[in-house]
Amino acid sequence: MSVINQTTTGNYGIASLYCGDLEPEITEANLYDKFSQAGPVASIRVCRDVVTKRSLGYAYINFQHAADAERALDTMNYELIKGRPMRLMWSQRDPSLRKSGVGNVFIKNLDKSIDNKSLYDTFSVFGNILSCKVATDERNISKGYGFVHFETQEAADQAIEKVNGMLLNDKKVFVGRFMTRKERMETLGHPATRFTNIYVKNFAEAQFTEEEFQGLFDPFGKIVSCVIMKDDSGKSKGFGFVSFEAHESAKQAVDRLNGEEVKGCKLYVARAQKKNERQAELREKYEKLKMERLNRYQQGVNLYVKNLDDVIDDKRLNEEFSVYGNITSAKIMVDDKGNTKGFGFVCFSSPDEATKAVTEMNGRIIVSKPLFVALAQRKEERKQHLAAQHAVRTQGMPRNFMGALHTSVIPTNYLMPVAQPRPFLPPNQVPRPR
């Protein structure tokens, strides 16, 4: 037994396969049944989310012998498992090989019908492939681009030279060296600095014709295409797109026409963005604002004030607290009808001012009610604080302590008092309240 363990352990580095593109319900047992056909399997691990324990869609298969791992890679790559082709490659524990970019090729303008296996078959003639993948969306439909990672840079260079510009399924593909986002930014510049397509909106009331719309942009340079988006009835949706031949023309159009009033409509003109780019930009902006708010609250400058009288509004709240320092915001929370909820927030410019306000204002009666003033907490922090308080109160109590409390404090020989019957009084003798 010890000999087998030593052999297995020694071969993990050269007998381990990465198995990707798995369905979420695939288990270690499913994979064992599949790969044990190639040879003795030492261990299998499906990688899962730490919290939900849900499969992340990939696994590692460790064979006892490298020859069996190689046989599985050669004969089982892209085979179906539960109706979906799995993607096999040698397990690369060292991330430096993946991140170096050596031998990595980027392909775009792929036909939707080209999958991982088709891409692999096309490029495998140029050399040994470590990894091959077509990018897909959440519905497993091709996004039209993919990546091939060769074992050597020579094989990658040969693939670029031979396949770039070729027709694959009647579509001319681009094949080039893979570049990281940072490299693309340095070489090509940010998309915002080299755009030619612009987005125009807010002209629904202007009722532009196609000729009038294009006439607005003709003075800035040669236009490749110009379109007003319309609904099924042919009515303008109030936005459209203009594509210029040169970036300078597009930039000039944005600078000159954005905010310009035409036919009573104030135009919005900007660089056209793809949906995912726009969503990423909005998400980044939201996260930045969120972090700014969190940092401000964590500095101890935001106060929570409750038990406020109904007559107190934002202005009165500001006046009551302004004597303790510079207030950046003071807000009473209201319902959808505009009625006060009885609490609000006051934000100071420094922690010292906020601390002073808590000390002086907590318990002070404003109008007719004593205020409760404390440092504001995020919902998560408040939950943790309450949980900690509860743990402290219950710490050291034996199990079923509260249930046994009432019976244990009463002596066994103690008799519970019995209620005595009350004397009956006729109606004319019942005492009446004054």
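On to the sheet that holds strand β9 (residues 142–150), then. Strand pairing in a sheet relies on backbone hydrogen bonds. The paired strands run either parallel or antiparallel. Read across the sheet, four strands follow the order β8-β9-β7-β12 without closing on themselves; strand pairing throughout is antiparallel. With partners counted over all chains shown, the strands left at the sheet margins are β8 (129–136) and β12 (174–177), one partner each. Looking at each pair of strands side by side, their axes are set apart by 20° on average, direction ignored. The pairing of strand β7 (residues 104–108) with β9 spans five bridges and is classified as antiparallel. The partner of valine 105 across the bridge, within β9, is valine 148.

On to the side chain of serine 249. Here serine 249 shows up in helix α9 (residues 247–257). If sequence neighbours within four positions are ignored, serine 249 has contacts with Phe220, Gly221 and Phe244.

Take unusual backbone geometry next. Look at asparagine 202: it is not a glycine, yet its phi comes out positive at around 75°. Within the element layout of this structure, asparagine 202 appears in the loop between β13 (197–201) and α8 (210–217). Positive phi outside glycine occurs at valine 367, with the angle close to 65°. Note that valine 367 resides in the loop between β22 (365–366) and β23 (369–370).

What follows deals with the confidence of the model for the chain. For the chain, the mean per-residue pLDDT works out to 82, and 82% of the residues sit at or above 70. Of all secondary-structure elements in the chain, the lowest mean pLDDT belongs to helix α1 (residues 2–11), at 35, while helix α2 (residues 28–35) reaches the highest, 94. Below a pLDDT of 50 lies the segment residues 1–12, which in the model reaches nine contacts outside its immediate sequence neighbourhood of four places, other chains included. Throughout residues 400–420 the model reports pLDDT below 50, and contacts reaching past four residues in sequence, or to other chains, amount to one contact.

Further remarks concern the packing of aromatic side chains. Under the counting rule described, the total for this entry stands at 22 aromatic pairs. Taken together, a centroid distance of 6.3 Å and an interplanar angle of 75° make the contact between phenylalanine 35 and phenylalanine 63 edge-to-face. Of this pair, phenylalanine 35 sits in helix α2 while phenylalanine 63 is found in strand β3 (residues 55–63), placing the two residues 28 residues apart along the sequence. Each member of the pair, phenylalanine 35 as well as phenylalanine 63, carries the same accessibility label: buried. Ring centres 5.4 Å apart and planes at 70° place the aromatic pair phenylalanine 213 and phenylalanine 217 in the edge-to-face group. With phenylalanine 213 and phenylalanine 217 both in helix α8 and four residues apart, the pair spans about one turn of that helix. Phenylalanine 217 shares its class with phenylalanine 213; the two are buried. The structure contains a cluster of three or more aromatic residues connected by ring pairs, namely Phe106, Tyr145, Phe147 and Phe178. The ring centre of tyrosine 268 lies 4.9 Å from the NZ or CZ of lysine 201, which sits over that ring.

Let us now look at helix α5 (residues 116–123). For α5, the set of buried residues is Asn116, Leu119 and Phe123. Looking straight down α5, one finds that the buried residues subtend no more than 70° of arc, so they occupy a single side. The inward-facing, buried residues of α5 abut β6 (87–90), β7, β8, β9, α6 (153–163) and β12.

A regular strand places its side chains on the two faces of the sheet in alternate fashion. In terms of residue burial, β3 counts as a mostly covered element, since seven of its nine residues are buried. In terms of strand pairing, strand β2 (residues 41–48) meets β3 through six bridges, oriented antiparallel. Each residue of the ladder has a partner; that of arginine 48, found in β3, is serine 55. With antiparallel pairing between neighbouring strands as the criterion, β2 and β3 make up a hairpin whose turn holds six residues, including lysine 53 at a positive phi of roughly 65°.

Let us look at the pairing of strand β21 (residues 340–348). Inspection of the sheet shows strand β19 (residues 302–306) paired to β21 by five bridges, in the antiparallel sense. Bridging across to β21, tyrosine 304 finds its partner in phenylalanine 345. Sheet topology note: the strand β20 (residues 327–334)/β21 ladder contains six bridges and is antiparallel. Its bridge partner lying in β21, serine 329 is registered against cysteine 347. Hairpin geometry of β20 and β21 is characterised by an intervening segment of five residues between the two adjacent antiparallel strands and by a positive phi of about 90° at glycine 338.

A few words now on the nonpolar core. By size, the foremost hydrophobic cluster in this structure holds 22 residues, and its most contacted members are Ile198, Phe213, Phe217, Val242 and Phe244. Mapped onto this core, the elements with two or more residues apiece are β13, α8, β14 (223–230), β15 (236–244) and α9. Per element, the largest residue contribution to this core is four residues, and it comes from α9. If sequence neighbours within four positions are ignored, isoleucine 198 has contacts with Phe217, Gly240, Phe241, Val242, Phe244, Ala250, Ala253, Val254, Val269, Ala270, Arg271 and Ala272.

Conventions adopted
- Residues numbered from 1 in each chain as written.
- Predicted model: local features only at pLDDT ≥ 70, side-chain atom pairs only at ≥ 80, totals over all residues.
- Heavy atoms only, no water.
- Pairing = 2+ DSSP bridges.
- Helix = DSSP H or I, 4+ residues; strand = E, 2+ residues; numbered from the N terminus.
- Axes fitted to C-alpha atoms, helices over the stretch in contact; angles between N-to-C directions.
- Contact = heavy atoms within 4.5 Å.
- pLDDT = per-residue confidence, 0-100.
- Phe/Tyr/Trp six-rings, centres within 6.5 Å; stacked < 30°, edge-to-face > 60°.
- Buried < 20%, exposed > 50% of the residue type's maximum accessible area, 1.4 Å probe, protein only.
- Lys NZ or Arg CZ within 6 Å of the ring centre and 35° of its normal.
- Arc of directions from axis to C-beta.
- Core = buried A, V, L, I, M, F, W, Y, C linked by side-chain atoms within 4.5 Å.

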